[in-house]
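For reference, the chains in residue letters:
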Amino acid sequence: MSLPTVAIIGRPNVGKSTIFNRIAGERISIVEDIPGVTRDRIYATGEWLTRKFNIIDTGGIELSDEPFMTEIRAQAEIAMTEADVIIAVVDGETGITDADEAVANILYRTDKPVILVVNKVDNPERRMEIFDFYSLGLGDPYPVSAVHGIGTGDVLDAIVQNLPNEIEEENENVIKFSLIGRPNVGKSSLINAILGEDRVIASPIAGTTRDAIDTHFVDSEDQEFVMIDTAGMRKSGKIYENTEKYSVMRAMRAIDRSDIVLMVINAEEGIREYDMRIAGFAHEAGKGILIVVNKWDTLEKDNDTMKNFELEIRTKFKFLDYAPIVYVSAKTGQRLNKLPDMIKEIHHAQNLRISSSVLNDVIMDAVAINPTPTDKGKRLKIFYATQVAIKPPTFVVFVNEEELMHFSYLRFLENQIRKAFVFEGTPVHLIARKRK
Ligand code: GDP
Ligand code: GDP
């Protein structure tokens, strides 16, 4: 299900990223733990009172060559386009500035809920002194001290109250996928080629703008697909649409809504930092992943070309060792006919349920080949394992002591599970739990 989105806007230095970190808490993407991948602070998932939502810090979307006011306006516009709820942040120490008024002026145009946060109200006695901010015309100001965590609970309450009702749009039989990749890798060309083969059908859920940009189609076997649009494909010419950060943010949103991500790489250019960030995000989100190397026609090939390319991918995307790779050309049509079947196989893998008895046979065999680790004279004991979720397939392994389960042993068990069942293209999560 797609989560609603909350965007934070405001001029520099008012405390947007501090508030973002407060709200995202520990849920900020841990992509940085993957070597070579930077942590992204512009997009995360927050949760409050059991409601989950995505949160964007528009301050992270820098438009380096643009004048200050243009940049602030663009960020406000991004918030109005992307978000369901907008948090406008001002600085309680400095008071209202021209830039705050400019932001407020833009926000008058939106009918989306706006929550006005007055940050840096560190002294509780001053919480009453924020009346001035009513003059911005953005409703009741919420006094907050983001660094001290004061008042953020009220802001979260207000966010949750203003979130749109959850739309249940889940249909297990429909495969939702997106094509993600840097500009010019050939996403639009691939989409046109894929859609050329299949019947495009009208979206069954009309109305919301979010769905209007998705394409629904069925293949020759009547499998229904939803292709989720991303920034690179719609070229509306807004200044921010070509910035890398905005494109990363759009990609992350598309990934969130997808079951399967087609990571498109240009054969001429190889893998870039952008690809690593996006792939890391998709991996952490537990999405199915297919690596599509496009423009295969442009390479002078010999017997080793494919092998060498695969080596580069496997080295750079170490964490994606389960993702299949396909070498295609949107121009010549080479291997494009394989894409729908590969997507369907990944869909099958991520929805696979393994019965506990079969699973435990595999686990016990694994333990027989490679005995469980010991620590300070104590040996890890595995009692049994069970699958608790699909998409991604998630297994809980019940043990005597969680601390005795090392990452490397979990990894070994995962590999044994992967050898026994076809989980190609999907992450598999293993969790060790102490048996009660
Ligand atoms: P952004 O540019 O809007 O993202 O602002 P930052 O979150 O980077 O914060 C700008 C500065 O304000 C940093 O030095 C923060 O430590 C400081 N700051 C943020 N929140 C508060 C707060 O609640 N009280 C005080 N006194 N300073 C804060
Ligand atoms: P997007 O920005 O990722 O959507 O990329 P486009 O689909 O717009 O393609 C960018 C450019 O690459 C266009 O000029 C395409 O004609 C070209 N292109 C796309 N796929 C291929 C391919 O497989 N081979 C070659 N040689 N060119 C391609």
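Rules used in this analysis
- Going along each chain's sequence as written, the residues are numbered from 1 onward.
- Ligands are numbered from 1 and chains lettered from A, in the order in which they are written.
- Per-residue local features of the predicted model are confined to residues with pLDDT of at least 70, and side-chain atom pairs are confined, for both listing and counting, to 80 or more; whole-chain, interface and lining totals are unaffected and use all residues.
- In computing side-chain values, all of the structure's heavy atoms are included and hydrogens and water are not.
- We count a salt bridge whenever a side-chain nitrogen from Lys or Arg sits within 4 Å of a carboxyl oxygen from Asp or Glu.
- Think of it this way: any DSSP run of H or I at least four residues long counts as a helix, any run of E at least two long counts as a strand, and we number them from the N terminus.
- The cut-offs for exposure are 20% and 50% of the maximum accessible area for each residue type, with area from a 1.4 Å probe on protein chains only; residues under the lower value are buried, those over the upper are exposed, and the others partly exposed.
- If DSSP finds at least two bridges between two strands, the strands pair.
- Angles run from 0 to 180 degrees between N-to-C directions of axes, and those axes are lines fitted to C-alpha atoms, restricted for helices to the stretch in contact.
- Residues are treated as being in contact if the distance between any of their heavy atoms lies within 4.5 Å.
- Only heavy atoms are used to decide nearness, and a residue is near a molecule or strand if one of them lies within 4 Å of it.
- Within 3.5 Å is the distance limit for a polar contact, defined as a pair of N or O atoms, with the added protein rule that one can donate a hydrogen and the other accept it, and that residues adjacent in sequence qualify only through two side-chain atoms.
- For every accessible area listed, the method is Shrake-Rupley and the probe measures 1.4 Å; residues are considered covered only by the protein chains on display.

1. Things to note about the pattern of salt bridges
Now for step 1: Applying the stated criterion to the full structure yields 17 salt bridges.
Now for step 2: For the salt bridge of Arg314 with Glu310, the shortest nitrogen-to-oxygen distance reads 3.4 Å. With a gap of four residues between them, Arg314 and Glu310 both fall in helix α9 (residues 305–316), about one helical turn apart.
Now for step 3: Residue class for Glu310 comes out partly exposed when judged on its relative accessible area of 33%.
Now for step 4: For Glu414, the salt bridge goes to Arg411, with nearest N and O atoms at 3.9 Å. Of this pair, Glu414 and Arg411 both sit in helix α12 (residues 407–420), three residues apart, which is roughly one turn of that helix.
Now for step 5: We classify Glu414 as buried; its relative accessible area is 11%.
Now for step 6: Linked through salt bridges whose partners overlap, the residues forming this network are Asp219, Glu221, Asp341 and Lys344.

2. Describing the sheet that holds strand β1 (residues 5–9)
Now for step 1: Strands sit in the order β2-β3-β1-β4-β5-β6 across an open sheet of six strands; the sheet is mixed. Both edges of this open sheet fall to β2 (43–48) and β6 (141–143), since each of them pairs with a single strand only. Across this sheet, the average inter-strand angle for adjacent strands is 30 degrees, counted without regard to direction.
Now for step 2: Note that strand β5 (residues 114–119) and β6 share three bridges and pair parallel. In the strand pairing of β6, Val117 is matched with Tyr142.
Now for step 3: Against the sheet, helix α3 (residues 98–107) contacts β1, β4 (85–91) and β5, and its axis sits at roughly 160 degrees relative to β4.

3. Quick notes on the site of ligand 2
Now for step 1: By nearness alone, 15 residues border ligand 2, and Asn184, Lys187, Ser188, Ser189 and Asp297 come closest of all.
Now for step 2: In this structure, an oxygen atom belonging to ligand 2 sits 2.6 Å away from a side-chain N or O atom of Ser189.
Now for step 3: Interatomic distance of 3.3 Å between a backbone N/O atom of Lys331 and an oxygen atom of ligand 2.
Now for step 4: Computed on the free molecule, ligand 2 has an accessible area of 580 Å², of which 74% lies beneath the protein chains in the complex.
Now for step 5: Residue contributions to the shell around ligand 2 peak at three residues, all from helix α5 (residues 187–197).

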